There are 2 protein chains.
Amino acid sequence: AMAGSGWARAVRGLLLDVSGVLYDGGADGGVPIAGSAEALRRIKASGLKLQLCTNETQATREDFVRKLRALGFDVSVAEVTAPAPAACRLLKERGLRPHLLVHNDLVPEFAEIDKTNPNCVVLGDAAENFTYANLNEAFRLLIGMEKPVLISLGKGRYYKETDGLKLDVGAYMKALEYACDIQAEVVGKPAKRFFESALAELGVPPEQAIMIGDDIVSDVGGAQQCGMRALQVRTGKFRPSDENHPLVKPDAYVNNLAEAVDIILQQL
Amino acid sequence: AMAGSGWARAVRGLLLDVSGVLYDGGADGGVPIAGSAEALRRIKASGLKLQLCTNETQATREDFVRKLRALGFDVSVAEVTAPAPAACRLLKERGLRPHLLVHNDLVPEFAEIDKTNPNCVVLGDAAENFTYANLNEAFRLLIGMEKPVLISLGKGRYYKETDGLKLDVGAYMKALEYACDIQAEVVGKPAKRFFESALAELGVPPEQAIMIGDDIVSDVGGAQQCGMRALQVRTGKFRPSDENHPLVKPDAYVNNLAEAVDIILQQL
């Protein structure tokens, strides 16, 4: 029924989430999700445009692409839209000097940014850097600012790694928001501006693009807010309760990326 | 003007917050706030009833009282109302078996509680135990429950120690609430039930009791919700912006506990 409805007929480009769609991450480097590398090749062979739209903030795009290639995915740095470069543009526009609470491996993305005498905090998925001491330090800097500015690279609740679910940056964002009685500015999915920059790189208007992700709120809800269609895969962090989400309803559910690509290519 | 208004004339008992009122805590054991030990002696000599009403969850009441006595405060365990014993009563009532994410030194308060095969998480001010690994563990237990139960020993934003401000349990509570899309049950201030148990131990009805604390929300707001008068001291975590709080207005501000006691005893 879904394949027959023809909703993908006008599609010219795909935005793909990465973790939970192409692979499941983990300290061991992660493992590809069955069929996803082949699905990626079929997208490229079909002539559809492709952009990876990720909230990954545990590595520079260069290292991230290296890891994906080692897992068998044919991708390049130019095909990756990620929060850190978007945050750097925002910092420069507004003359902000960040204190970084991010993963060590992300720090090189901020090499060009003045970090002296910080007037904001940039929060990423810092993983092992989310220590009690580091959280207190970020909190003290914020609470000491006349007008605290907290920039969060995403607001995900959690994600799945090979050894289990992990709290994502959104949980730590909420902790700092509450402690300082402020609202963070989110860079990354589901921010509209972030999807718009991914669409610009894709070179396709929203009504001709489909987002495919495992996160009902950040991927599906965010893309739909921008006028795109969005599919939720039943891989990665997908949970059956997502199918009863009170606010977000995907245009379709698919078992995995391979099935999504089957359906889309059939309709073209 | 405040001293002349006579609002303390009917008072028969005082509830005192401890950290930020009697002393400022810290890894070094903390330091007494000037005049507070003498003020405590004057309260006792006056015949006013006294109960310490604290959200302290970094030590058993026995160890906490030992620390306070070493700092010069004449207090006993029976004079301390604290969240952990209140949580134990709640756990027993409801047949809950907790996973504890609390300070090591608080664990003995839960000695009598069955902790096998946990069906809830109890969160305290775990301080150095707020590691990335421990937060992920608590999160995974919660998200794996059919109906996650998170019991938080307080919901404070932050507190002041001798080496600076620290994130309090409320910030970590918010992180887990967000990640699991749940609401924690708060035991401790500002929960009405907690103030009521402190008043029961004080043996005085709310309209004859005054709460004195440094936390505009947990101490002042919580006590007023129970029908008590409440004073905010300008010590501890007090910040000038508290005086413009949008929701809570203390019955009076006082510079410190010593001034509060001066004013109250003048009116008796």
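Parameters at a glance
- Residues numbered from 1 in each chain as written.
- Chains lettered and ligands numbered in written order.
- Predicted model: local features only at pLDDT ≥ 70, side-chain atom pairs only at ≥ 80, totals over all residues.
- Heavy atoms only, no water.
- Helix = DSSP H or I, 4+ residues; strand = E, 2+ residues; numbered from the N terminus.
- Contact = heavy atoms within 4.5 Å.
- Domains from an automatic or database assignment.
- Buried area = accessible area lost by both parts, 1.4 Å probe.
- Salt bridge = Lys/Arg side-chain N within 4 Å of Asp/Glu carboxyl O.
- Phe/Tyr/Trp six-rings, centres within 6.5 Å; stacked < 30°, edge-to-face > 60°.
- Buried < 20%, exposed > 50% of the residue type's maximum accessible area, 1.4 Å probe, protein only.
- Lys NZ or Arg CZ within 6 Å of the ring centre and 35° of its normal.
- Lys, Arg positive; Asp, Glu negative; His and termini not counted.
- Pairing = 2+ DSSP bridges.
- Nonpolar A, V, L, I, M, F, W, Y, C, P; charged D, E, K, R; others polar.
- Axes fitted to C-alpha atoms, helices over the stretch in contact; angles between N-to-C directions.

**Student:** Could you give an account of the overall build of chain A, with specific residues and numbers?
**Tutor:** Of the regular secondary structure elements, chain A holds eight helices and 14 strands. Sequence-distant contacts, at least 24 apart, represent 65% of the contacts inside chain A between residues at least 6 apart.

**Student:** Can you break down the domain arrangement of chain A residue by residue, with the values?
**Tutor:** Residues and elements named next belong to chain A. According to the domain assignment, chain A consists of domain 1 (13-55 + 189-266) and domain 2 (84-186). On a C-alpha basis, the centres of domain 1 and domain 2 stand 25 Å from each other. Between domain 1 and domain 2, roughly 1,200 Å² of surface is buried when both sides are summed, and carbon and sulfur atoms account for 49% of that area. Of all residues in domain 1, the largest losses of buried area upon contact with domain 2 belong to G25, R193 and K237, amounting jointly to 32% of the total for that side. At the boundary of domain 1 and domain 2, one finds one salt bridge. Linking E93 and R193 is a salt bridge whose minimum nitrogen-to-oxygen distance equals 2.8 Å.

**Student:** Help me get a handle on the packing of aromatic side chains, residues and values and all.
**Tutor:** Per the stated rule, a full pass over the model turns up six aromatic pairs over all chains. Ring centres of Y132 of chain A and F130 of chain B lie 6.4 Å apart, and the angle between their planes is 40°; on these two criteria the pair is classed as tilted. Of this pair, Y132 of chain A sits in helix α4 (residues 132-143) while F130 of chain B is found in the loop between β7 (120-123) and α4 (132-143), placing the two residues in two different chains. The class for F130 of chain B is buried, based on a relative accessible area of 0%. With centroids separated by 5.2 Å and ring planes inclined at 40°, the aromatic side chains of F139 of chain A and Y158 of chain B adopt a geometry described as tilted. Linking F139 of chain A in helix α4 with Y158 of chain B in strand β9 (residues 158-161), this pair reaches from one chain into another. Exposure class is identical for F139 of chain A and Y158 of chain B. Each is buried. Within the aromatic cluster, the residues linked to one another by ring pairs are F130 and Y172 of chain A together with Y132 of chain B. Taking NZ or CZ as reference, R157 of chain A lies 4.4 Å from the ring centre of Y178 of chain B, over its face.

**Student:** I'd like a rundown of unusual backbone geometry, residues and numbers included.
**Tutor:** P190 of chain A follows K189 of chain A through a cis peptide bond whose omega is 5°. Relative to the helices and strands, P190 of chain A is located in the loop between β11 (185-187) and α6 (192-202). Here N117 of chain B, not a glycine, exhibits a phi torsion of approximately 45°, which is positive. Take N117 of chain B: it is sitting in the loop between β6 (98-101) and β7.

**Student:** Just give me the short version of the side chain of D24 of chain B, but keep the residues and values in it.
**Tutor:** All names here are of chain B. Looking at the secondary structure, you find D24 in strand β2 (residues 23-24). At 4.1 Å, K160 is the nearest oppositely charged side chain to D24, a buried residue that forms no salt bridge. With sequence-adjacent residues up to four places away left out, D24 is seen in contact with G30, V31, I33, K160, T162 and G236.

**Student:** For the sheet that holds strand β5 (residues 80-81) of chain A, give the residues involved together with the corresponding values.
**Tutor:** Residue and element names in this part refer to chain A. In spatial order, the strands read β5-β4-β1-β12-β13-β14; together these six strands make up an open sheet with parallel pairing. Pairing within the sheet leaves two strands with one partner each, and these edge strands are β5 and β14 (252-254). Both strand β4 (residues 49-53) and β5 contribute to a ladder of two bridges, which runs parallel. Bridge pairing links L52 to V80 in β5.

**Student:** Pulling in residues and values, what's your account of the pairing of strand β10 (residues 164-167) of chain B?
**Tutor:** Here β9 of chain B runs beside β10 of chain B; their pairing, made up of four bridges, is antiparallel. Along β10 of chain B, the bridge assignment pairs Y158 of chain B with L167 of chain B.

**Student:** Which residues make up the interface of chain B and chain A, and what values go with them?
**Tutor:** Interface size is often expressed as the accessible area that is lost when the parts come together. Chain B puts 30 residues into the contact, and the matching count from chain A is 30 residues. Between chain B and chain A lies a buried interface of about 2,800 Å² when both sides are counted; carbon and sulfur atoms form 62% of it. When the buried area of chain B at its contact with chain A is split by residue, Y132, L167 and Y178 of chain B rank highest and sum to 31% of it. Connecting chain B to chain A are zero salt bridges. Its residues assigned to classes, the side of chain B that touches chain A comprises 16 nonpolar, five polar and nine charged.

**Student:** Outline the pattern of salt bridges, listing residues and values.
**Tutor:** All names here are of chain A. Applying the stated criterion across every chain, the model contains 31 salt bridges over all chains. Between D17 and K189 there is a salt bridge, with the nearest N and O atoms lying 2.8 Å from each other. Here D17 is found in the loop between β1 (13-16) and β2 (23-24), whereas its partner K189 is found in the loop between β11 and α6, with 172 residues between them in sequence. Considered together, D17 and K189 belong to a single accessibility category, that of buried residues. One salt bridge in this structure joins K166 and E161, with 2.8 Å as the shortest N-O distance. Both residues of the pair, K166 and E161, belong to the buried class. A cluster of three or more residues bridged by salt bridges with shared partners is formed by K44, R69, D74 and E79.

**Student:** Explain the sheet that holds strand β1 (residues 13-16) of chain B to me, and be specific about the residues and the numbers.
**Tutor:** Residues and elements named next belong to chain B. Strand order in the open sheet made by the six strands is β5-β4-β1-β12-β13-β14, with parallel pairing throughout. Two strands in the sheet have a free side with no partner beyond their single neighbour: β5 (80-81) and β14 (252-254). In this structure, β1 lies alongside strand β12 (residues 209-213), joined through four bridges in parallel fashion. Its bridge partner being in β12, L14 is matched across the sheet by I210. Lying on the sheet, helix α6 (residues 192-202) is in contact with β1, β4 (49-53), β5 and β12; it crosses β4 at an angle near 150°.

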